Amino acid sequence: MSTLTNRLYRLRSRPEGEVTAANLEWTEESVAEISEGQALIRTHYLSVDPTNRVWMSAMRSYIPPVELNAVMRGAGVGQVVASMREDLPVGAFVVGLTGWQDYCVADAASEDMPFTVLPDPLPAPLPAFVGVLGHTGISAFLGVEFGDPRPGETFFVSGAAGAVGSVAGQLAKRRGARVVGIAGGAEKCRYLVEELGFDACVDRHADDWKAQLDLATPEGIDVDFENVGGEIMDHVLDRLNIGARITLCGLISEYNDYNTANTQRGLRNLSQLLMQRATLQGFIVFDHVDRYGEIIGQLSQDLNVGALRTEETVVDGLENARHTLNRSLAGENRGKVVVKVLIDETETIDGVQISR
């Protein structure tokens, strides 16, 4: 295999607030030759997720923080371009933790989360496998299932215009629930109501967002699909009905505060869990790998018959990943955010074209 150059980000320090170039160093290195039990994967698309920011911090999480000086962790979809592994044949498209880099060495001896080989032919475009047919779509499916919205109940979802929230709202609507979202800006709210079928949407950028939320949930909230936390979640707690269910998927409003002082803000209305006899369940998508095939099959069917709509924000160039994460955490994007890593459609390795 000819010598390859790998462009990548290494985590040099833990961010305080937005992620800076001092935290994530953009650099280039040579790709080493693979050995027995390894495969080389060329990243096509990189998923940009709020959890990337969590992994950069030193906080206790469901997996260890990214070590300082290590390649930044991230999910991606790519193609096997060289292999000494029977389970990862050359030419196969795979999804897994590629990291924020052009090339990833998949080592069977050290993989905590093995790569998944995608079906051939692909049932959807590649970006879908880090979106609606990947971890974000599966998160939406699981969270709705755990919340179990019933016909006539009010289902509330925060971060509703994002990759998870927009799918969760549609799935809850199909169960017969009245779906209310909260999103940043009038255009996002219009999109959710007019294009995705939400019953109402609250503009969190409006000065009167709390009053809007109260008006949109006149009979209270039965299920809260929580992606944001903070002040929004605190107000939602005060709207819960008896027996309400909260599925805790994320706390995006707090992620940029990790590693900074005075971050223990808490929730003033936590007592409402007791008063309303409500339940709160946190969940991590990686705990349900055994169900991925089943869930992806259902979501694929929904997509194919037009019962589910999604939107992607695609940013060209791996070099833009850091800025894209900061913008995503600020709520500037709609739908799933991905970075297109493989830009050159004629790229080859040893004369073999690797793009589709």
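The structure under discussion appears in the preceding block.
What you see is a predicted model; the values in this text were computed from it and never measured.

Engineer: Please provide a residue-by-residue account of empty space enclosed by the protein, values included.
Structural biologist: Tallied over the entire structure, the rule returns one cavity of 30 Å³ or more. Looking at the largest cavity, its volume works out to about 90 Å³. As for the largest cavity, its lining consists of Gly 131, Val 132, Thr 136, Gly 137, Ala 163, Ser 166, Val 167, Thr 310, Glu 311, Glu 312, Gly 335 and Lys 336. Where the lining of the largest cavity is concerned, the elements lending two or more residues are helix 2 (135-147) and helix 3 (163-174). By residue class, the composition of the lining of the largest cavity is three nonpolar, six polar and three charged.

Engineer: Could you give me a rundown of the state of the cysteines, with the residues and numbers involved?
Structural biologist: Per the stated rule, a full pass over the model turns up zero disulfides. Here Cys 249 is not disulfide-linked; the sulfur of Cys 201 is the nearest cysteine sulfur, at 17 Å.

Engineer: Summarise the sheet that holds strand 12 (residues 240-248); cite the residues concerned and give the values.
Structural biologist: The strand order 10-9-8-11-12-13 describes an open sheet built from six strands, whose pairing is parallel. At either margin of the open sheet sits one strand with a lone partner, and together these are strand 10 (200-203) and strand 13 (279-282). Each strand of the sheet is rotated relative to its neighbour by a mean of 15 degrees, with strand direction disregarded. In this sheet, strand 10 lies alongside strand 9 (residues 178-183) in parallel orientation, the contact comprising four bridges. When the sheet's bridge partners are listed, Ala 183 is paired in strand 10 with Asp 203. The strands touched by helix 4 (residues 186-195) within the sheet are strand 9 and strand 10, with strand 10 carrying the most contacts at an inclination of about 170 degrees.

Engineer: Describe the pairing of strand 1 (residues 5-11), naming the residues involved and giving the relevant values.
Structural biologist: With five of seven residues buried, strand 1 is to be regarded as a mostly interior element. The pairing of strand 1 with strand 2 (residues 24-30) spans seven bridges and is classified as antiparallel. From the neighbouring strand, Tyr 9 faces strand 2, where its bridge partner is Trp 26.

Engineer: For the packing of helix 2 against helix 3, give the residues involved together with the corresponding values.
Structural biologist: In contact at an axis separation of 8 Å, helix 2 and helix 3 are set at 45 degrees when each is read in the N-to-C sense. Here helix 3 runs oblique to helix 2, going by the angle between their axes. Like other packed secondary-structure pairs, helix 2 and helix 3 cross with a definite hand, here right-handed. Every residue of helix 3 that contacts helix 2 at Thr 136, Ser 139, Ala 140, Phe 141 and Val 144 is listed here: Ala 163, Val 164, Val 167, Ala 168, Leu 171 and Ala 172. Among the residues making up the contact of helix 2 with helix 3, the classes are represented as nine nonpolar, two polar and no charged.

The rules behind these values
Residues numbered from 1 in each chain as written. Predicted model: local features only at pLDDT ≥ 70, side-chain atom pairs only at ≥ 80, totals over all residues. Heavy atoms only, no water. 1 Å grid on protein atoms, 1.4 Å probe; cavity = no way out; pocket = protein on both sides within 12 Å on 5 of 7 lines; lining within 4 Å. Points joined across faces, edges and corners; volume = space filled by probe spheres on them. Helix = DSSP H or I, 4+ residues; strand = E, 2+ residues; numbered from the N terminus. Nonpolar A, V, L, I, M, F, W, Y, C, P; charged D, E, K, R; others polar. Disulfide = S-S within 2.5 Å. Pairing = 2+ DSSP bridges. Axes fitted to C-alpha atoms, helices over the stretch in contact; angles between N-to-C directions. Contact = heavy atoms within 4.5 Å. Buried < 20%, exposed > 50% of the residue type's maximum accessible area, 1.4 Å probe, protein only. Parallel < 35°, antiparallel > 145°, perpendicular 65-115°, else oblique. Left-handed = near helix turned anticlockwise from the far one by under 90°.

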